[in-house]
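Below, each chain spelled out in residue letters.
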Amino acid sequence: MVSLKYKFCSFNMHGFNQGRHVVDQWCSLNKFYFIFIQEHRLNPAVLDKFETIARDYLCFISSS
């Protein structure tokens, strides 16, 4: 029997620029398998900003 353990976190950024340093730190540590982010407040034209800090992660991003 194989037991898989995944570490994940959920973070409310309160705006991309305010929470970017936290997400950048978590991504560089490779501590979490999944990182769920809310309230980034980016419009669809600039959603690619996440790809600059989450290079080792696959990003699924949407905007309201």
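Here the structure is a predicted model, which is why all the values come from computation and not from measurement.

## Notes on the confidence of the model for the protein
Atomic detail in the predicted coordinates should be set aside for any region of low pLDDT.
Here comes step 1: On average, residues of the protein carry a pLDDT of 87, and 100% of them reach 70 or more.
Here comes step 2: The least confident element of the protein is helix 2 (residues 49-53), whose mean pLDDT is 84; the most confident is strand 1 (residues 8-12), at 93.

## Some remarks on the pairing of strand 2 (residues 34-38)
Here comes step 1: Examined bridge by bridge, strand 1 and strand 2 share five bridges and lie parallel to one another. Residue pairing across strands places phenylalanine 8 opposite phenylalanine 34, the latter belonging to strand 2.
Here comes step 2: Read from strand 1 through helix 1 (residues 16-29) to strand 2, the crossover connection turns out right-handed.

## Describing a nonpolar patch on the surface
Here comes step 1: Judged by side-chain polarity, Val2, Leu4, Tyr6, Phe8, Tyr33, Phe34 and Phe36 come together as a nonpolar surface patch covering roughly 820 Å² of accessible area.
Here comes step 2: Note on placement: phenylalanine 34 falls in strand 2.

Cut-off values and rules
Residues numbered from 1 in each chain as written. Predicted model: local features only at pLDDT ≥ 70, side-chain atom pairs only at ≥ 80, totals over all residues. Heavy atoms only, no water. pLDDT = per-residue confidence, 0-100. Helix = DSSP H or I, 4+ residues; strand = E, 2+ residues; numbered from the N terminus. Pairing = 2+ DSSP bridges. Right-handed = clockwise from strand over helix to strand, strands pointing away. Patch = residues over 30% accessible without salt bridge, like charges linked within 9 Å, V, L, I, M, F, W, Y side chains within 5 Å. Areas by Shrake-Rupley, 256 points an atom, 1.4 Å probe, with all protein chains shown as cover. Salt bridge = Lys/Arg side-chain N within 4 Å of Asp/Glu carboxyl O.

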